[in-house]
Amino acid sequence: MSAPTRTVVTVSTGDPGTAANIAADVRAGRRTAVDVLAQHFARIDAHEGDVHAFNLVLRQQAGEQAATVDAAVAAGIDPGPLAGIPVALKDNLCTRGIETTCSSRILEGWKPPYSATVVQRLAAAGAVAVGKTNLDEFAMGSSTENSAFGPTRNPHDHTKVPGGSSGGSAAAVAAGFASIALGSDTGGSIRQPASLCGIVGMKPTYGLVSRYGLVAYASSLDQIGPFAHTVEDAALLLENIAGHDPADSTSIDAPPPSLVAAVRRGRADGVPGLRVGIVEELSGEGMSSDVLARLDVAVDRLRTAGATVGHVSVESTKLCLSAYYLIAPAEASSNLSRYDGVRYGLRVSQGAANVEEMMANTRAAGFGAEVKRRIMLGTYALSAGYYDAYYGQAQKVRTLIIEDFRRAYQQFDVLITPTSPTTAFSFGDKTADPFTMYLTDVCTIPSNLAGDPAISVPCGVGDDGMPIGVQLLGPALSEAVLLGAAAVIEKGN
Amino acid sequence: MALKNGWELVVGLEVHCELATNTKIFCSCANQFGDEPNTNICPVCLGLPGSLPVLNHMAVEFAMRIGSALHCRVEPSIFHRKNYFYPDMPKDYQVSQNDEPINVDGYLELPDGFRVGIERAHMEEDTGKTQHMGSSGRIHGANYSLVDYNRAGVPLVEIVSRPDIRTAEQAKAYVAELRSILVATGASNGKMEEGSLRVDANVSVRQPGHEYGTRCEIKNLNSLRSLTRAIEYEANRQIDLREAGERIVQETRHWNEEDGRTSSMRSKEEAMDYRYFPEPDLVPIAPSAEWVAAVRDALPLMPADRRRLLSEATGGELAPGSDPIVTIVDQGLDALVLGAVAHGGDGRRAVNRVANEVVTAEQGARLNIAGFAALLVMEAQAKLTSTQAKAVLVEMMETQASDPAAIATARGFQAMDSGVAETLVDELIAAHPAEFERLRAGDTKVAGFFVGAAMKASGGKADGKLVTGLLRQRAGL
Ligand SMILES: [Zn+2]
């Protein structure tokens, strides 16, 4: 690899401006979507070769979408609240007629006959999809090193990982390839790469955003969420993808919340009276000192803006990692059964005497090591005679976690922790021992198990000059509160 | 049929019933038998990556109807995933219900009053259909296979009986009765030949009073005939093994219709571990008490209730399980009988006429109820002989005429005066002395000869019963 380089953009001073600015300008006819797109493609052309954020760049389709937006504006029709904003889509979101791979050989070449609900909502709101971003295969991983198509590099330092599993989406935003992006978060897959790439990332309440068209990893934990440079942009994106979807039975049947206004309120008025709890179990042991130092800074900013701060113990967070690595693989083992070579994707029939052997050959050739590891782990956890000890026990822990957090939220409005124990690590650092890799998600997993929202917001850099994010957690449907508080932390940057 | 050497049969049945919903259980594709392969499919029922199921409300209602009709408790329930690899199962797991099914603990009453316990009646999705192209017709040895996913995601209710059935005939009666109940609820079309109803039988044998024997599950029972044949074959196979001192291996066995045998498919050791776990893509079903009550209250009368009503209409002279009553309920001709009784017709006569002469629903539809009742009254008042009444009834159905008296008059039907009948009988005895001697000697078959002759002589006006009575009187029988 050549000497480390940086490809990061700073939107507050850069050309494209924030997503909110882009949409406002395009809707007002001050800028064209085609021009905005050209700026982003220029950055892709210059740096994508180094970063490898994308599995597929949608050059032609994006151009057509941008032109449609501009034509609407010219005709006096409002293209929508996301008019002309270039958005990157994690490659586990189905896009009609466009290859959707989950960064796996087993789905290579598969073109879904339908688009995910979120993809449809983005298009309806006037956003322009620039490409499908790289990920750890089937969203299993924390560094994007598990992609079958090669890793994505951190735009802040090309020798470092961008985090994962939504590493491609985080890097695409950080590098200025897209103004905003969608990722999916099962155990931290939005928040951890957002933290490592120095941008905002949010996992909404389970059920706030439709999962229809998100290729499932662990269905009871998966949730789609936004990446953005600013808290307001994250709120804008979330506002436009949230809301009930009859195609997802677990979707919450309530109108989408008003979020951008909450961000503006937080920025203007601070957070007077907000009760902030520092989670003891996640703010000491196992966290690097520079990360903890930035956590203190974030807490100070909240206090200065009117918050009262205390410490809270959420003991069951210690059990989260074990529970997660039983529940998620168990669901994954079932969700990934369908990749059997019969209907779509890869089929390896050579040397197979019967259909079972064809299925086995296909899966052996098509899945990477980490996916196989989790399928085996999950299959074991669900097996007769082991179910109660593993999957059953993990579900009990999950109930415990939910109750623990409920108790904590009687005392505090939001909780605060680091997002990741460390800044971005180097390629290969954690691939030899899966457990060290799993530990990087220790702060983010609890909110997936609880089904609650959480946001990672940048708060300076570490001793190595790499970005550090802090995480705010809240009870179900507290997105507006979290975004308001995140805006306070962001304001201090 | 009793088993040899005092062995007792023990059978429990698992019946898969396709629900007659317009659409599939988790998507809006048409639930339609017989369409071109792979035309009623979408991302959801093909299990495409990213697709999610949404439960069909009507399928839940149908399942509740079935549960209520089988006297089950309708309970809050959840779906599980049943994991195994098979090419006709798009997701390589089946969404089914495991330990929290929607209906539990009911019974089915056979026409003879015997009650078979129902353990559960749970919901699940159907699989696609695989056609193995090659000599064996089975998945192993096939050259290639064709899969039709039209059936994938068709809603099913699986009705699991307790092992209460003791004869093959009872098993047949159970399935026939269950079929009628399912059709009555409107939840199923009951067509076994289209696979709407599919039966698996758990068969074991024991000496009465002993513990249940090891059971085998028999699959591929596509008709009532296969069901009884397979159960009898399997029972005898197990008895032969037991009497030879061998053990029964718990296994799944395939019924082969052609050679009339069952053969081993897989043993318990090879049985799959389905790794059931709660389906995270669906939410629990928690029907409100009001909904459960509304479904129960809206159910039509079930066949057992209808048989009871018909029996009551005969003043209890015919049992609810008697053949004519069973036939009438099967054909849905209850209204004709009960309507005729309401119009003054005799219940028993109405049941017999409908079961023997009307027979089918199509025929019944051509009959005016008041007219039918009037015919029964005429016969009861001896204005028509039995033979004449039948002839009038046939004409009423042929022409959809409603006035039996008009038909009788047009045909010149009048019951013969008893004095005229006596004269006729005496004339016939005088004309056929040899035959009369045989009758006196006790050869009662000769009576038929005299009745025939009386009919011929009277142009059909003679009452057969009256003639027979007079003959027997004259012959001193
Ligand atoms: Zn469908």
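Just so you know, these numbers come straight off a predicted model, no measurement behind them. (Residues numbered from 1 in each chain as written. Chains lettered and ligands numbered in written order. Predicted model: local features only at pLDDT ≥ 70, side-chain atom pairs only at ≥ 80, totals over all residues. Heavy atoms only, no water.)

Remarks on the overall build of chain A
From N to C terminus, chain A includes 16 helices and 11 strands. For chain A, the C-alpha radius of gyration of 21 Å lies close to 23 Å, the compact-globule estimate for 493 residues. Its C-alpha atoms put chain A at 65 × 55 × 50 Å along the principal axes. Counting the 493 residues in chain A, one finds 63% classified as buried. Put simply, 76% of the contacts in chain A that link residues at least 6 apart link residues at least 24 apart. If you sum the accessible surface of chain A, you get close to 16,300 Å²; carbon and sulfur atoms cover 53% of it. (Helix = DSSP H or I, 4+ residues; strand = E, 2+ residues; numbered from the N terminus. Rg over C-alpha atoms; globule rule 2.2 N^0.38 Å. Buried < 20%, exposed > 50% of the residue type's maximum accessible area, 1.4 Å probe, protein only. Contact = heavy atoms within 4.5 Å. Areas by Shrake-Rupley, 256 points an atom, 1.4 Å probe, with all protein chains shown as cover.)

Examining the interface of chain B and chain A
Between chain B and chain A, the residue contacts involve 33 residues of the former and 41 residues of the latter. Three residues stand out in chain B for area buried against chain A, namely B:P49, B:L52 and B:R275, and they jointly supply 22% of the buried area on that side. Where chain B meets chain A, there are 15 residue pairs in polar contact (both at pLDDT 80 or more). Breaking the side of chain B that touches chain A down by element, the ones donating at least two residues are β3 (80–83) and β14 (277–278) of chain B. When grouped by side-chain class, the residues that make up the side of chain B that touches chain A number 22 nonpolar, five polar and six charged. (Buried area = accessible area lost by both parts, 1.4 Å probe. Polar contact = N/O pair within 3.5 Å; in protein donor to acceptor, adjacent residues only side chain to side chain. Nonpolar A, V, L, I, M, F, W, Y, C, P; charged D, E, K, R; others polar.)

Details of the packing of aromatic side chains
Residues and elements named next belong to chain B. This model, assessed by the stated rule, comprises 20 aromatic pairs over all chains. Between the aromatic rings of Y84 and Y274, the centroid separation amounts to 5.3 Å while the plane-to-plane angle is 65 degrees, which identifies the pairing as edge-to-face. Note that Y84 is positioned in the loop between β3 and β4 (93–96) and Y274 in the loop between β13 (261–267) and β14, a separation of 190 residues in sequence. Between F449 and F450, the ring centres sit 5.3 Å apart and the planes meet at 75 degrees, which makes this aromatic pair edge-to-face. F449 sits in the partly exposed class, given a relative accessible area of 35%. (Phe/Tyr/Trp six-rings, centres within 6.5 Å; stacked < 30°, edge-to-face > 60°.)

A short note on the coordination of the zinc ion
Around the zinc ion, the protein contributes the donor atoms B:C27 (SG), B:C29 (SG), B:C42 (SG) and B:C45 (SG), which lie 2.3 to 2.4 Å from the metal centre. Around the zinc ion, the four donor atoms are arranged such that angles at the metal cover 101 to 114 degrees; this shape is classified as tetrahedral. (Donors = N, O, S within 2.8 Å, 3.2 Å for Na, K, Ca; no water. Tetrahedral: all angles 85-135°; square planar, octahedral: opposite > 155°, others 65-115°.)

Some remarks on the confidence of the model for chain B
Residues with a pLDDT of 70 or more make up 97% of chain B, whose mean pLDDT is 92. Under the prediction, the complex receives an ipTM of 0.96, its pTM being 0.90. (pLDDT = per-residue confidence, 0-100.)

Here's the deal with the domain arrangement of chain B
Accessible area lost on assembly of the parts is the figure often given for the size of an interface. All names here are of chain B. By domain assignment, chain B separates into domain 1 (4–297), domain 2 (303–410) and domain 3 (418–475). The C-alpha-based centres of domain 1 and domain 2 are spaced at 39 Å. At the junction of the two partners, domain 1 supplies seven residues and domain 2 supplies eight residues. Counting the surface lost from both domain 1 and domain 2, the interface buries some 470 Å², and carbon and sulfur atoms represent 52% of this. Summed over the three residues of domain 1 that lose the most area to domain 2, namely E109, P111 and E177, the buried surface amounts to 70% of that side. In this structure, the connection of domain 1 to domain 2 is made through two salt bridges. Where R307 meets E177, a salt bridge forms, and the shortest distance between an N and an O atom there is 2.9 Å. Summed over the shared surface of domain 1 and domain 2, the number is two residue pairs in polar contact (both at pLDDT 80 or more). Here the side of domain 1 that touches domain 2 gets four residues from one element, more than from any other, and that element is helix α2 (residues 168–185). In terms of residue class, the side of domain 1 that touches domain 2 is built from four nonpolar, one polar and two charged. (Domains from an automatic or database assignment. Salt bridge = Lys/Arg side-chain N within 4 Å of Asp/Glu carboxyl O.)

Topic: the environment of A:G378
All names here are of chain A. Residue placement: G378 occurs in helix α12 (residues 369–382). Each C-alpha atom of the pair G378 and G150 lies 25 Å from the other, and the pair is 228 residues apart in sequence. Those residues in contact with G378 that lie beyond four places of it in its chain are P329, A330 and S333.

Focus: the sheet that holds strand β4 (residues 180–185) of chain A
All names here are of chain A. The strand order β1-β3-β2-β4-β6-β5-β10-β11-β9-β7-β8 describes an open sheet built from 11 strands, whose pairing is mixed. The sheet terminates laterally at β1 (54–57) and β8 (308–312), the two strands that pair on one side only. Taking each pair of neighbouring strands and ignoring which way they run, the sheet shows an average axis angle of 30 degrees. Relative to strand β11 (residues 467–473), strand β10 (residues 454–461) is paired through six bridges, and the arrangement is antiparallel. Within β11, the position partnered with V461 by the bridge is P467. Along the sheet face, helix α2 (residues 33–51) touches β1, β2 (86–90) and β3 (128–133) and points at about 135 degrees away from the line of β1. Contacts from helix α16 (residues 479–491) reach β5 (200–203), β9 (414–418), β10 and β11 within the one sheet, and its direction differs from that of β10 by about 5 degrees. (Pairing = 2+ DSSP bridges. Axes fitted to C-alpha atoms, helices over the stretch in contact; angles between N-to-C directions.)

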